[in-house]
Amino acid sequence: MSGTKPYCISKQVVYQAYLMVKRNKGSYGVDEQSIQEFDKDWKSNLYRIWNRMSSGSYFPMAVKRVEIPKGDGKMRPLGIPSVSDRIAQAVVKLYIEPRMEKIFSNNSYGYRPNRSALDAVGKARSNCFRYSFVVDIDIKGFFDNIDHELLMRAVSKHVSEKWILLYIERWLKAPVKLPNGETSASTKGTPQGGVISPILANLFLHYVMDVWLEKHHRGVPFERYADDALLHFRSESHAKKVLEALDARFKECKLELNREKTKLVHCKVSPRQESYETRSFSFLGYDFKPRGYKTKQGTYGWGFLPAIGKKAEKRFTEKLRSLNISRNTTRSIEELANLLNPIIRGIMNYFGAYYRSELSKLYSQVDLKLKKWALRKYKKRSILRWLQCLYQTKRDMFVHWRYKKPTHFFG
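About the cut-offs
- Residues numbered from 1 in each chain as written.
- Predicted model: local features only at pLDDT ≥ 70, side-chain atom pairs only at ≥ 80, totals over all residues.
- Heavy atoms only, no water.
- Helix = DSSP H or I, 4+ residues; strand = E, 2+ residues; numbered from the N terminus.
- Buried < 20%, exposed > 50% of the residue type's maximum accessible area, 1.4 Å probe, protein only.
- Contact = heavy atoms within 4.5 Å.
- Areas by Shrake-Rupley, 256 points an atom, 1.4 Å probe, with all protein chains shown as cover.
- Lys, Arg positive; Asp, Glu negative; His and termini not counted.
- Charge placed at Lys NZ, Arg CZ, Asp CG, Glu CD.
- Pairing = 2+ DSSP bridges.
- Axes fitted to C-alpha atoms, helices over the stretch in contact; angles between N-to-C directions.
- Phe/Tyr/Trp six-rings, centres within 6.5 Å; stacked < 30°, edge-to-face > 60°.
- Lys NZ or Arg CZ within 6 Å of the ring centre and 35° of its normal.
- Parallel < 35°, antiparallel > 145°, perpendicular 65-115°, else oblique.
- Left-handed = near helix turned anticlockwise from the far one by under 90°.
- Nonpolar A, V, L, I, M, F, W, Y, C, P; charged D, E, K, R; others polar.
- Patch = residues over 30% accessible without salt bridge, like charges linked within 9 Å, V, L, I, M, F, W, Y side chains within 5 Å.
- Salt bridge = Lys/Arg side-chain N within 4 Å of Asp/Glu carboxyl O.

A. Highlighting the overall build of the chain. Each helix and strand in the chain was counted, giving 14 helices and 11 strands. With the C-alpha coordinates of the chain rotated into their principal frame, the extents come out at 80 × 60 × 40 Å. Taken over 411 residues, the chain has a buried fraction of 47%. Considering only contacts in the chain between residues 6 or more positions apart, those separated by 24 or more positions represent 67%. Per element, the accessible surface of the chain, about 21200 Å² overall, is 49% carbon and sulfur. The average position of the 75 basic charges and that of the 40 acidic charges among the side chains of the chain differ by 7 Å.

B. Up close: unusual backbone geometry. In this structure, Asn324 is a non-glycine residue whose phi angle is positive, near 55°. For Asn324, the location among the structural elements is in the loop between α11 (310-323) and α12 (333-351). Classification of Asn324 as partly exposed rests on a relative accessible area of 40%. Of note, Lys379 is a non-glycine position whose phi angle comes to about 55°, a positive value. Within the secondary structure layout, Lys379 lies in the loop between α13 (360-378) and α14 (383-393). Its relative accessible area of 68% is what places Lys379 among the exposed residues.

C. Looking closely at the sheet that holds strand β9 (residues 281-283). Strand order in the open sheet formed by 3 strands is β9-β10-β11, and the pairing between neighbours is antiparallel. Strands with a single pairing partner mark the edges of an open sheet, and in this sheet they are β9 and β11 (300-308). Between one strand axis and the next, the sheet turns through 55° on average, direction left out of account. The strands touched by helix α5 (residues 117-130) within the sheet are β9, β10 (286-294) and β11, with β10 carrying the most contacts at an inclination of about 60°.

D. Quick peek at the sheet that holds strand β6 (residues 222-225). One open sheet holds the 4 strands; their spatial order is β6-β7-β3-β8, and the pairing between them is antiparallel. With partners counted over all chains shown, the strands left at the sheet margins are β6 and β8 (263-266), one partner each. When strand polarity is set aside, the average angle formed by the axes of neighbouring strands in this sheet is 15°. Strand direction decides the pairing type here: strand β3 (residues 133-137) and β8, joined by 4 bridges, are antiparallel. Across the sheet, residue Val135 finds its bridge partner in β8, namely Leu264. Contacts from α5 reach β3, β6 and β7 (228-233) within the one sheet, and its direction differs from that of β6 by about 160°.

E. Examining the packing of aromatic side chains more closely. Across all of its chains, the model carries 23 aromatic pairs by this definition. An angle of 85° between the planes, with centres 5.1 Å apart, marks the rings of Tyr95 and Trp163 as edge-to-face. Here Tyr95, found in helix α4 (residues 83-101), pairs with Trp163, found in helix α8 (residues 162-173); they are 68 residues apart in sequence, far enough to count as distant. The structure contains a cluster of three or more aromatic residues connected by ring pairs, namely Tyr58, Tyr95, Trp163, Tyr167 and Trp171. The cationic tip of Lys11 hangs over the ring face of Trp50; the distance from NZ or CZ to the ring centre is 4.6 Å. The aromatic ring of Tyr109 is capped on one face by Arg115, whose charged end is 5.0 Å from the ring centroid.

F. Just the pairing of strand β1 (residues 63-69), in detail. Strand direction decides the pairing type here: β1 and strand β4 (residues 176-177), joined by 2 bridges, are parallel. Directly across from Val63, in β4, lies its bridge partner Val176.

G. Focus on the packing of helix α7 (residues 148-156) against α8. Interhelical geometry of α7 versus α8 gives an angle of 160° and a closest axis separation of 11 Å. Regarding the angle of α7 to α8, the classification is roughly antiparallel. Viewed along their axes, α7 and α8 form a crossing whose handedness is right-handed. Packed against α7, whose contacting residues are His148, Leu151, Met152, Val155 and Ser156, the element α8 presents Leu165, Ile168, Glu169, Leu172 and Lys173 at the interface. Of the residues in the contact of α7 with α8, the class split is 6 nonpolar, 2 polar and 2 charged.

H. Up close: a positive patch on the surface. On the surface, a cluster of positive charge is contributed by Arg327, Lys372, Arg376 and Lys379. Summarising the element assignment, Lys372 is placed in helix α13. We classify Lys372 as partly exposed; its relative accessible area is 45%.

Shown next, in the form of structure tokens:
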């Protein structure tokens, strides 16, 4: 560090930020410089970032707008900063995240250290056993509509360093380069895809919703993962009352609830359940609805439980279809295992945490593809006995086989 610089920024933190961005990989921004290109002269590149940030002369490039498909067939806009800008944002994140963690609610799970989506799903599962109603919150274009002035007021409550405030404001105002090549000014929102965006979004909703609920509706349990949130209630009337108040609160903060997607769900399994039209909701990829379960005492009951959602099942089926396994006859069975196991393991690691038995339908899809592959490759039905033998004796060849009973399947 140099004493002549107006802002005191640690070179070590800049290096840590670089390692963070490198570990997370990601695409290139408007300058088309990849992390691999950045690495070729990383020392000079990092010095340039540190020097500009320390002197106050750092200005971010435009953010590259890309669109990725959502589960409902629509497109989700992402804003991709350049590698240099992502490193600069990571520097600020390393400075402010520890102090933000001290004030964030225990009910907030998204993009936080030592917290995960599965933690949020587990808490929602627990609360669905205890409470009769859920309000499933959906915010219209949350990341694109965050008010800059309100956000900076929230940041200023916890950040006194002028350089951090200066650069956060510059990132918020950085122009957006659209897919057609045009550049658009940024007057609101924080782009999904930026390193700093998740913590800023969390801070904004911390004051818009979390703190507001604690102050005005203390005792209402909730789970929030970024802008996905569930609120739990014992009575329908209380749920409707809080929902109307929350709707007004969001409007006050220049956000809007999507009332078509925000819904009140009855989640108590009882003889009265037929009187409620909405009996399910989706949260973080899981579908919650009435399901049977086995108690610790060995008896059977009904609960409002999570399992892999229809959208996730559809994505898996489409991925499996795109691999064209049955026609890939040049591959060996071992090569197919190397191809499929990471995909299956990813599904199992996340969606196997709750109601794992629902994954059996996906396992059957894989095995059917393997059966068709074997018949097409060897052109004789007796080859299925070989496949059956593998299934029974080499249970680790495909990761899902160890969770299936070694019965006669491929014959």
